[in-house]
Amino acid sequence: MSLFQLLLLLLQLFAILCTKEDDGLAIALLRNEESLHVGFHVQEDVRGSNLDKGYERLARMVEATKDRARALKRGMHRGHGETSKGKESAGESLYARSFGGYSIKFSLGTPAQDLLLIMDTGSDLVWVPCTRNYTCINCPVDSASNGVFFPKMSASLHLVTCADPVCATLFGHNTELVCQNCTGCLKNCSETCPPYGIQYGKGSTAGLLLTETLNLPLQNGKGARAITNFAVGCSIVSSQQPSGIAGFGRGALSMPSQLTEHIGKDIFAYCLQSHRFDEEKKKSLMLLGDKAFPNDIPLNYTPFLTNSRAPSSSQYGVYYYIGLRAVSIGGKRLKLPSKLLRFDSKGNGGTIIDSGTTFTVFHDEIFKRIAAGFASQIEYKRAGDVEALTGMELCYNVSGLDNILLPDFAFHFKGGSDMVLPLANYFIYFESFDTICLTMISSRGILKIEVGPAVILGNYQQQDFYLLYDREKNHLGFTQQTCKTFR
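Calculation rules
Residues numbered from 1 in each chain as written. Predicted model: local features only at pLDDT ≥ 70, side-chain atom pairs only at ≥ 80, totals over all residues. Heavy atoms only, no water. Helix = DSSP H or I, 4+ residues; strand = E, 2+ residues; numbered from the N terminus. Buried < 20%, exposed > 50% of the residue type's maximum accessible area, 1.4 Å probe, protein only. Core = buried A, V, L, I, M, F, W, Y, C linked by side-chain atoms within 4.5 Å. Contact = heavy atoms within 4.5 Å. Pairing = 2+ DSSP bridges. Axes fitted to C-alpha atoms, helices over the stretch in contact; angles between N-to-C directions. Patch = residues over 30% accessible without salt bridge, like charges linked within 9 Å, V, L, I, M, F, W, Y side chains within 5 Å. Areas by Shrake-Rupley, 256 points an atom, 1.4 Å probe, with all protein chains shown as cover. Salt bridge = Lys/Arg side-chain N within 4 Å of Asp/Glu carboxyl O. Expected span 1.5 Å × (residues − 1). Disulfide = S-S within 2.5 Å. Arc of directions from axis to C-beta. Phe/Tyr/Trp six-rings, centres within 6.5 Å; stacked < 30°, edge-to-face > 60°. pLDDT = per-residue confidence, 0-100.

Asks: It is not clear to me how the overall build of the protein should be interpreted in this structure. Could you clarify?
Replies: From N to C terminus, the protein includes 9 helices and 30 strands. The buried share among the 487 residues of the protein stands at 59%.

Okay, here's the thing in C-alpha cells:
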C-alpha cells in the first residue's frame, strides 16, 4: 500500500479520535574480557555466533536490512512535510527482535499504558499504534502484542493544532499550506494539525500528532518521572510496519531532543546484547542523561559530522554521520574510495551509524574491495548455495574443520579511533550447512541510482559495544564491552 493510499484511509478514520470509545534503568558494565588485537580467531568464537533457525530467518534479516537501507538512502519520506530543576538521569531496557531490531519499553498516558517500540537512531518522530481501530496491513498476526495506545483512556491527551509549534516542527514551512483552513494566520488557528505519513522502505504509517504524558523510568529503578506535553504520533493505520518507532535521531521531535531539559544532559548510550539472544527476551541496556558516561572505562571518540549539502527536503539531517576513513582485514589496511566517504554536492555519500539496520551495508564499490580483502586471506571453499538461499554475499563451507581461522576486522574513524570487531560481529555460523557468512552486505540492487549514505553501520556490528551519543559535544564514544542483562 502506498503512502498516498494510507493517507486517504487515514482521512476516512479521522473522526475516530473525536468520538467516544466503548470501551534509567541501571546499566552493568564489565571490564573488557579480551584484549583487542590483530591476527586470527579460532573456531570457538565463530561457532558461538550460531543464529541458525533455518535459512529463512537469515533471508528475512537480509531482506529487512535492504528495505531499511533503501529507506535511509532515499532519506525516508514524510507526507506533507519537509523537515525533519530537579533533573534526573533516566533510562530504559532494549529488547532484541527476531527481525533484527531492538525495542524499547515505556509507558504513555494517564493512567500509564505500556508500549514496546523499535529504538531507531535513523528517524526523529516517536509514534505508537493507536486507537481500538488501529489497522496494520500485511503485518504479522501477533503484531498487536507490542501494544496499542488507547487515547480515550488517557486523561492527559491533547490533539496538536495548527497553532502548536509541534505542528510547525513536523511540517516546516509547509505548515500554512497543509493547514488550509487557517487562512494565513496560524497563531490562533484551532484546526487539528493534519495527518502525517511516513515511508519506511516497504513499510509506512500514518496518523495524527498528540501531546501526552511520557512516564520515564528513573535510573535508580524507583518509580518513574512524568514528562508532560511529550509530542507523539498516534498512528491509526500502517502497512508492513508491525511496531511503533521511538525516534532517537537528531531531529527536534526525537525522544532525546524532547527529554533534554528533563534529564540534565543531551546524551544517551546503549549496549546491545548479541542477536544470539533474540528469542530469549533478554534485555540490552540504555541510559539517558548524566549517568550515560561509564565509570572508569575509557572511550574512543569520533566526531559526528554535519551533512550541510543535503537538500532540506531529505531526512539526512536526522542521521548520525561519522567519518569512516578505512577498514583493516587481518591487519592490512584497505584503501577505500575517498569520494564515497565524503559528501558530494547533493549530500550523498558518507557513513551513518544506525540502530535500526541489522547488517552493515556498503556501497557496492566499497563492498567489492572488502570482499576481495577477505577472499585473499580465507582459503575455504565458497558456499554459493547458502549465499543464494540467504542473500548473504560471502559464505564459506567449513564442514569437517576443527580449527577455523579468520582474519580480524576493524573500522578506522576520523580522529584516529579504531573499532576492532569481535569475530561474532562480522561472521555468523550457519549450522544447517556447516557454513560461515560475512554479516555485511553490498548496496547493489537496493536502488536503481545510488544515493544517500555510502555506508550504514548496522546493529549487528554494534553488538557488545558500549556506544555513547554525546549530542552536546557532538561526538560518538565507544568501547567493546560484554553487555549484561539489567536486573
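Asks: It is not clear to me how the nonpolar core should be interpreted in this structure. Could you clarify?
Replies: One recurring pattern in soluble globular proteins: nonpolar side chains tend to sit buried together. Core analysis: the largest hydrophobic core is formed by 75 residues, its most contacted members being M255, F374, F409, F411 and F427. Aside from chain neighbours lying at most four places away, what touches F374 is I329, L394, Y396, P407, F409, Y426, F427 and L438. By size, the runner-up hydrophobic cluster in this structure holds 23 residues, among which are I118, V160, Y200 and I245.

Asks: For this particular structure, what's the right way to read the sheet that holds strand β24 (residues 418-421)?
Replies: With antiparallel pairing, the 4 strands of this open sheet are ordered in space as β18-β17-β23-β24. Edge positions in the sheet fall to β18 (332-334) and β24, since each of these pairs with one other strand and no more. The sheet shows a mean angle of 25° between the axes of neighbouring strands, taken without regard to direction. When strand β17 (residues 324-329) meets β18, the two strands line up antiparallel, connected through 3 bridges. Residue pairing in the sheet places I329 in a bridge with K332 of β18. Contacting β17, β18 and β23 (409-413), helix α8 (residues 364-375) runs over the sheet at an angle of about 20° to β17.

Asks: I would appreciate a short explanation of the sheet that holds strand β21 (residues 395-397) in the present structure.
Replies: Hydrogen bonds between backbone atoms are what pair the strands of a sheet, whose relative direction is either parallel or antiparallel. With antiparallel pairing, the 3 strands of this open sheet are ordered in space as β21-β26-β25. Of all strands in the sheet, those bounded by a partner on one side alone are β21 and β25 (427-430). This sheet shows a mean twist of 25° between the axes of neighbouring strands, independent of strand direction. Note: β25 against strand β26 (residues 435-438), 4 bridges, orientation antiparallel.

Asks: Looking at this structure, how should I read a nonpolar patch on the surface?
Replies: Residues Y55, L389 and F433 make up a contiguous nonpolar surface patch of about 220 Å² in total accessible area. Positionally, L389 belongs in helix α9 (residues 384-390).

Asks: Can you walk me through the pairing of β24 in this structure?
Replies: The two faces of a sheet get side chains in turn, since along a regular strand they alternate between them. Sheet analysis places β23 next to β24, joined by 4 bridges and oriented antiparallel. What sits directly across from F409, in β24, is L421. Where β23 folds back onto β24 in an antiparallel hairpin, the turn is made up of 4 residues, including G415, whose phi is positive at roughly 95°.

Asks: Looking at this model, I keep getting lost on helix α3 (residues 55-74). Mind explaining?
Replies: An α-helical segment advances 3.6 residues per turn. Residues three or four places apart therefore align on the same side. Compared with the 28 Å implied by 1.5 Å per residue over 20 residues, the 29 Å span of α3 between its first and last C-alpha is a close match. All of the buried residues along α3 are R57, L58, M61, V62, T65, D67, R68, A69, R70, A71, L72 and K73.

Asks: So what exactly am I meant to see when it comes to the state of the cysteines here?
Replies: Linking two cysteines covalently through their sulfur atoms gives a disulfide. Here the structure, examined in full by the defined rule, presents 7 disulfides. The disulfide bridge from C130 ends at C234, spanning 2.0 Å between sulfur atoms. Looking down the S-S bond of the C130 and C234 bridge, the torsion is -95°, so its handedness is left-handed. Here C130 is found in the loop between β6 (127-129) and β7 (135-137), whereas its partner C234 is found in strand β11 (residues 224-239), with 104 residues between them in sequence. Both residues of the pair, C130 and C234, belong to the buried class. The disulfide that involves C136 links it to C139, with 1.8 Å between the sulfurs. Judged by the sign of its S-S torsion, about -45°, the cystine formed by C136 and C139 is left-handed.

Asks: Before we go on, may I ask you to explain helix α6 (residues 255-263) in this structure?
Replies: Inspection of α6 places M255, P256, Q258, L259, H262 and I263 among the buried residues, and these make up the whole buried set. Buried residues of α6, seen end-on, are gathered within an arc of 155° and therefore sit on one face of the element. G264 sits one or two residues past α6 and shows a positive phi near 95°.

Asks: Would you mind going over the packing of aromatic side chains with me for this structure?
Replies: The relative placement of two aromatic rings is captured by the distance of their centres and the angle of their planes. Applying the stated rule across the entire model yields 21 aromatic pairs. A centroid spacing of 5.5 Å and a plane angle of 35° characterise the contact between Y270 and Y469, whose relative ring orientation is tilted. Within this pair, whereas Y270 is found in strand β13 (residues 267-271), its partner Y469 is found in strand β29 (residues 465-470), the two being separated by 199 residues in sequence. Y469 gets classed as buried once you look at its relative accessible area, which sits at 0%.

Asks: For this particular structure, what's the right way to read the confidence of the model for the protein?
Replies: Interpretation of this model should avoid reading the predicted coordinates in detail wherever pLDDT is low. Predicted confidence across the protein gives a mean pLDDT of 82, with 78% of residues reaching 70 or more. Below pLDDT 50 for its whole length, residues 80-89 participates in 44 contacts with residues either more than four positions away or in separate chains. Segment residues 95-99: pLDDT under 50, and 28 contacts once partners within four positions in sequence are set aside and those in other chains are kept.

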